[in-house]
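Observations on the three-dimensional arrangement
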Amino acid sequence: AGTFVPLILVTCIGFFTLFMPAPPSGSRPALSVTVMLTTATVYFVASRGTPQSNQSTSIGRIYIYSLCSSFILVAIALLNTSLNLVQPEDKSIRQNLSDFFD
């Protein structure tokens, strides 16, 4: 239980980045990368205290889910920030990006 709670908490915090306003400063991608690195660190510290096994464990599955969702959140944050950084005179680029991801 000592490892599950931090992984789940960090993953939930990562999903809250989707509700942050998207300023052009890039704080959303920075927070998403921080969440991904924190997930990896929590698992690394927890793996030192658990016995080695060839079988899949519940903590391993939660870690894989947390890391994959963190990676997806980083990609979404980068895409969203890049779309917000497009200047008004570059509307054709923004339209092309929006059409590509729709």
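The structure contained in this document is the topic of the report that follows. (Residues numbered from 1 in each chain as written. Predicted model: local features only at pLDDT ≥ 70, side-chain atom pairs only at ≥ 80, totals over all residues. Heavy atoms only, no water.)

1. Some points on the overall build of the protein chain
In terms of helices and strands, the protein chain carries 4 helices and 0 strands. Helices and strands in the protein chain line up, N terminus first, as α-α-α-α. The buried share of the protein chain, reckoned over its 102 residues, is 23%. Sequence-distant contacts in the protein chain: of pairs separated by 6 or more residues, those separated by 24 or more amount to 70%. Carbon and sulfur atoms provide 68% of the accessible area of the protein chain, an area that totals close to 7000 Å². (Helix = DSSP H or I, 4+ residues; strand = E, 2+ residues; numbered from the N terminus. Buried < 20%, exposed > 50% of the residue type's maximum accessible area, 1.4 Å probe, protein only. Contact = heavy atoms within 4.5 Å. Areas by Shrake-Rupley, 256 points an atom, 1.4 Å probe, with all protein chains shown as cover.)

2. A look at the packing of aromatic side chains
For the structure shown, the criterion picks out 1 aromatic pair. Judged by centre distance (4.0 Å) and plane angle (15 degrees), the rings of Tyr43 and Tyr63 are stacked. With Tyr43 in helix 2 (residues 27-48) and Tyr63 in helix 3 (residues 58-84), this residue pair connects regions lying 20 residues apart in the sequence. Since its relative accessible area comes to 25%, Tyr43 is described here as partly exposed. A relative accessible area of 14% means that Tyr63 is categorised as buried. (Phe/Tyr/Trp six-rings, centres within 6.5 Å; stacked < 30°, edge-to-face > 60°.)

3. Remarks on the packing of helix 1 (residues 4-16) against helix 2
For the pair helix 1 and helix 2, the least separation of the axes is 10 Å and the interaxial angle reads 175 degrees. With respect to their mutual orientation, helix 1 and helix 2 come out roughly antiparallel. Contact residues: helix 1 offers Pro6, Leu7, Val10, Ile13 and Gly14, while helix 2 offers Val35, Thr38, Thr39 and Val42. Considered class by class, the residues forming the contact of helix 1 with helix 2 number 6 nonpolar, 3 polar and no charged. (Axes fitted to C-alpha atoms, helices over the stretch in contact; angles between N-to-C directions. Parallel < 35°, antiparallel > 145°, perpendicular 65-115°, else oblique. Nonpolar A, V, L, I, M, F, W, Y, C, P; charged D, E, K, R; others polar.)

4. Re the packing of helix 2 against helix 3
Contact pair helix 2 / helix 3: the axes reach a minimum separation of 8 Å and the direction vectors enclose 165 degrees. One element, helix 2, and the other, helix 3, form an angle in the roughly antiparallel class. As for how helix 2 packs across helix 3, the hand of that crossing is left-handed. For the contact of helix 2 with helix 3, the per-class residue count stands at 14 nonpolar, 7 polar and 1 charged. (Left-handed = near helix turned anticlockwise from the far one by under 90°.)

5. A look at helix 2
Since one α-helical turn is 3.6 residues long, residues separated by three or four positions face the same way. Over its 22 residues, helix 2 extends 32 Å from the first C-alpha to the last, a length consistent with the 32 Å expected when each residue adds 1.5 Å. For helix 2, every residue scored as buried is listed here: Arg28, Pro29, Ser32, Val35, Thr39 and Ala46. Seen end-on, helix 2 carries its buried residues on one side only, within an arc spanning 130 degrees. In helix 2, those exposed residues whose orientation departs by more than 90 degrees from the buried face are Leu37, Val45 and Arg48. (Expected span 1.5 Å × (residues − 1). Arc of directions from axis to C-beta.)

6. Topic: helix 3
In this model, helix 3 (27 residues) spans 39 Å end to end at C-alpha, consistent with the 39 Å of a helix rising 1.5 Å per residue. For helix 3, the full list of buried residues reads Ile59, Gly60, Tyr63, Ser66, Ser69, Ser70, Leu73, Val74, Ala77, Thr81 and Leu83.

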